[in-house]
Structures are given as structure tokens and as C-alpha cells.
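Next come the chains, spelled out residue by residue.
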Amino acid sequence: MAENNNSRNIRGRVVQKGYKRPEFDEQYDTTLDDVDAVFNDSEEHHVTEKKEEEPVALNAFELISMSAGLNLGNLFDSEQEFKRETRFTSKCPPKEIVRKIEEAAKPLGFDVQKKNYKLRLEKVKAGRKGNLNVATEILQVAPSLHMVEVRKAKGDTLEFHKFYKNLSKTLKDIVWKSDDVQMQYAA
Amino acid sequence: MGCFHSTAKRQHPGYEDPVHLASQTAFSVSEVEALFELFKSISGSVIDDGLINKEEFQLALFKNQRKENLFANRIFDLFDVKKRGVIDFGDFVRALNVFHPNIPMEEKIDFSFKLYDMDGTGFIERKEVKQMLIALLGESEMRLSDEIIETILDKTFSDADANQDGKIDRTEWENFVTRNPSLMKIMTLPYLKDITTTFPSFVFNSEVDDLVT
């Protein structure tokens with residue numbers, strides 16, 4: 001399509017000059033009601049919360065819904081977009097995974113709060129959109145295989161992407177399979 | 001100079017009037033027009049016939065890594081309501097409508113039930129769930145023993161299959177996803193509320209007063 005003064009091509013699509021790709025950062029933060037409940041709870045919230053000896057086990061449908069084929073958001077996505085959440089699997093015992101994440105996050109400048117198999121990582125220094133806040137949870141696929149979900153709770157998505165790259169380097173030894181293929185391409 | 005609608009009709013079989021589609025869905029007229037932009041880019045990627053075939057759908061979903069995927073096939077089949085092996089614009093809009101944040105959960109639960117009831121018997125059978133679970137594990141390159149897979153299925157069915165008949169009916173499914181709302185996350189696309197920003201449709205001089213919607 002011929003270019004004129006009012007338009008420029010983005011991948012063959014004519015768009016308005018000054019077109020700015022929408023930023024979904026703030027509006028679409030993952031719901032973290034459950035994580036918040038764990039960390040903000042007072043005695044009243046303890047009603048259903050019993051001491052977890054083991055990570056929560058994922059059921060078949062929770063696993064199935066992780067398929068890329070069911071993530072229709074990809075229809076709208078472009079190469080530029082960094083994911084707001086990612087996951088990896090590990091064959092390490094869950095308590096050790098928690099310990100390793102804590103060990104890895106602290107030198108990266110994060111405060112760590114943990115409860116059972118949920119961790120809240122908050123960057124001490126404020127970034128582009130406030131303090132980066134990351135929620136992680138260890139879930140059981142099988143007794144010998146666990147999944148770690150890492151989600152941005154607050155802050156800049158690009159900073160989250162950089163943090164995750166650093167984190168996965170440090171955690172390399174415990175990562176079995178990682179979901180961050182798209183993140184690699186996006187980099 | 002022909003008006004927008006007749007030009008589009010000639011090039012895109014199954015193209016429907018945006019006003020009509022907007023009245024049937026949660027989308028506004030300009031949102032439907034924006035979806036048409038997306039539809040055109042997907043449907044023209046392999047064969048420029050104004051229809052989305054399976055290959056084009058895979059390309060759009062997996063970003064130029066066309067691959068066979070059980071779940072993408074299921075989604076395609078559900079979009080392809082007329083069972084012609086292709087998705088036209090009307091199909092596209094009406095199917096995406098289910099994923100709109102404003103659509104009632106009931107419709108999303110319906111869609112997800114049909115999604116997982118692969119053979120359309122009206123029940124999600126254990127063998128279907130096993131097949132889907134194995135497909136997911138293959139996709140993520142996780143290999144688990146059959147014993148472990150059976151354990152996962154046991155736990156899932158003891159939770160979801162209230163009458164323990166080895167299959168999940170529509171009511172059991174509704175109760176199950178109500179207890180496990182994260183299962184419905186895949187059924188809502190927040191992007192659909194911002195579609196006009198992602199795909200500005202200013203190229204069209206819409207003759208329709210958007211205030212109608």
C-alpha cells in the first residue's frame with residue numbers, strides 16, 4: 001500500500017500517524033485475590049485456610065487450559081508484546097524451589113514475603129511504573145513434578161520481563177521445562 | 001464510487017453488515033469494523049478468499065509456526081458452525097463474542113463444555129480428558145507416566161464428577177468451574193474491549209451513526 005503523509009505501514013496494515021500501540025499494563029493486571037488473601041489476611045480470613053503441607057495440586061483441566069491453542073489472546077498479539085505471566089516446571093522438591101526463588105530474588109533487589117507455596121516479590125527500588133511486584137506460586141503436577149507460575153502483579157511489564165530473564169538464569173539448575181519460548185522470541 | 005458495504009461483500013463471502021452483527025453481539029459497530037481488519041489479515045494470509053481456513057487459523061494463533069494442535073482444532077471446529085471447514089466473518093464475530101468480557105458466564109460455560117466434549121455426546125468423558133491431558137503434556141514436552149496421569153484424572157473426576165459415573169455432564173461442569181473459576185480465564189479476552197485501538201478502522205468512512213449501538 002502506498003504511503004502518504006497521514007499513514008505509515010505496520011506489517012502491511014495502514015495505520016494512523018501517531019498511532020500508539022495500546023498499553024495494557026495497568027488495566028489487565030492478573031487477579032490476585034487469592035494471593036492478596038494469603039498475604040493480607042487477619043484472623044477472620046483464617047476460616048478456610050489450613051496449614052498447607054503440600055502445594056496445591058493442579059487438576060487435569062487446569063493443566064489443559066495452559067495450552068497455547070486455547071490462548072486466543074494470541075490472535076491479537078504482536079511480536080512486541082511481553083507476557084505478563086509465565087511458568088516453568090521443576091523436578092526439585094517444592095520447599096527447595098521456594099528457597100531457591102527467595103535466594104535468587106533477594107540479590108536482584110527484591111523483598112520476599114512467603115506463605116506456604118506462594119511468594120510475593122517486591123522490588124525495593126521503584127521502577128517506571130512504581131515498584132515491580134511479582135507473585136509466584138508453586139503447584140503440583142505430580143509428586144515429583146511441580147509447576148512454578150510467575151506473574152506480574154504490579155509495575156512495568158518490560159521490567160518484569162527483564163527480572164524474569166535474570167531469575168531464570170539463576171534458577172537454571174532447577175528448571176526442567178520452561179514456558180518462556182515467546183519471551184525468548186520477543187527479546 | 002461504491003459504498004463500503006457492497007465492495008466488502010464482493011470480496012468477502014459471508015461478510016455481514018456491521019450494524020447487524022453489532023446488534024447480535026456485545027460489540028459496537030466500530031468494534032465490528034475493527035474486527036473486520038483483523039479478519040482480513042488472518043483470512044488473507046494463505047489464500048485470499050475472504051475466509052479463514054484451518055491453516056490460516058493456526059498461523060494466526062501460533063505466529064507463523066503453523067502446527068497441528070488438538071485444542072486449536074477444537075476452537076476452529078466451534079467457530080466453524082456451518083461445518084464447511086472455513087470460518088467466515090459472521091462466524092468469526094459471533095464466536096469471538098463469547099469471549100467478550102461483558103458476555104454472561106453462562107455462555108462461556110456452554111462454550112467451554114462443548115470445547116471439551118470432543119465427540120459431542122453431551123458429556124465430557126474420562127477418556128476425552130485423558131486424551132486432552134496427554135496432548136497438553138506433549139505440547140509442553142512433559143512426559144508423565146500413565147500411573148501419574150491416571151492419578152491426576154482420578155483427582156479431577158472425584159472433584160468434578162459428582163455422581164461418579166465416569167463422565168462430567170453439563171451441570172457437573174457448571175458446578176465444577178464455579179468452584180474453580182480460574183478454569184474460565186481462557187474464555188475471556190480483555191483485548192476485545194480495546195479492539196478499536198488495536199485495529200483502528202479509520203480507513204472506513206462509516207456511514208453508520210455509532211450512537212445507534
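Residues numbered from 1 in each chain as written. Chains lettered and ligands numbered in written order. Predicted model: local features only at pLDDT ≥ 70, side-chain atom pairs only at ≥ 80, totals over all residues. Heavy atoms only, no water.

> What is the right way to look at the confidence of the model for chain A in this model?
Interpretation of the predicted coordinates at a detailed level should be avoided for regions scoring low in pLDDT. All names here are of chain A. For chain A, per-residue confidence averages 78 on the pLDDT scale, and 65% of positions sit at 70 or higher. Here residues 24-29 scores under 50 on pLDDT; set against residues more than four positions off or in separate chains, the count is 19 contacts. Low confidence marks residues 42-46, where pLDDT is under 50. Its contacts with residues over four positions away, or in another chain, come to 2 contacts. (pLDDT = per-residue confidence, 0-100. Contact = heavy atoms within 4.5 Å.)

> Quick question: what am I supposed to make of the packing of aromatic side chains here?
The final tally for this structure, using the stated rule, is 14 aromatic pairs over all chains. Each ring, one from A:Phe61 and one from B:Phe176, has its centre 5.9 Å from the other, and the planes form 65°; the classification is edge-to-face. One end of the pair, A:Phe61, is in helix H2 (residues 60-64); the other, B:Phe176, is in helix H10 (residues 170-179), on a second chain. In this structure, A:Phe61 and B:Phe176 share a single accessibility class: buried. Between A:Phe110 and A:Phe163, the aromatic rings sit 4.5 Å apart at their centres with planes inclined by 45°, giving tilted as the arrangement. A residue pair is termed long-range when its members are at least 10 positions apart, and A:Phe110 in strand E4 (residues 110-115) and A:Phe163 in helix H4 (residues 157-170) qualify at 53 residues. Comparing A:Phe110 with A:Phe163 shows no difference in burial state: the two are buried. Every member of this aromatic cluster is reached through a ring pair, and the members are A:Phe61, B:Tyr116, B:Trp173 and B:Phe176. Over the ring of A:Trp176 we find A:Lys177, and its NZ or CZ is 5.1 Å from the ring centre. (Phe/Tyr/Trp six-rings, centres within 6.5 Å; stacked < 30°, edge-to-face > 60°. Helix = DSSP H or I, 4+ residues; strand = E, 2+ residues; numbered from the N terminus. Buried < 20%, exposed > 50% of the residue type's maximum accessible area, 1.4 Å probe, protein only. Lys NZ or Arg CZ within 6 Å of the ring centre and 35° of its normal.)

> Any chance you could explain the interface of chain B and chain A here in plain terms?
Interface extent is often summarised as the accessible area lost during association of the parts. Contacts between chain B and chain A engage 54 residues on the former and 42 residues on the latter. Summed over both partners, the interface of chain B with chain A comes to about 4,100 Å²; 72% of that surface belongs to carbon and sulfur atoms. Scanning the region where chain B abuts chain A turns up 1 salt bridge. Residues A:Glu85 and B:Lys185 are paired through a salt bridge, measuring 4.0 Å at the closest nitrogen-oxygen approach. Taken together, the links from chain B to chain A amount to 4 residue pairs in polar contact (both at pLDDT 80 or more). Partitioned by chemical class, the residues of the side of chain B that touches chain A number 38 nonpolar, 8 polar and 8 charged. (Buried area = accessible area lost by both parts, 1.4 Å probe. Salt bridge = Lys/Arg side-chain N within 4 Å of Asp/Glu carboxyl O. Polar contact = N/O pair within 3.5 Å; in protein donor to acceptor, adjacent residues only side chain to side chain. Nonpolar A, V, L, I, M, F, W, Y, C, P; charged D, E, K, R; others polar.)

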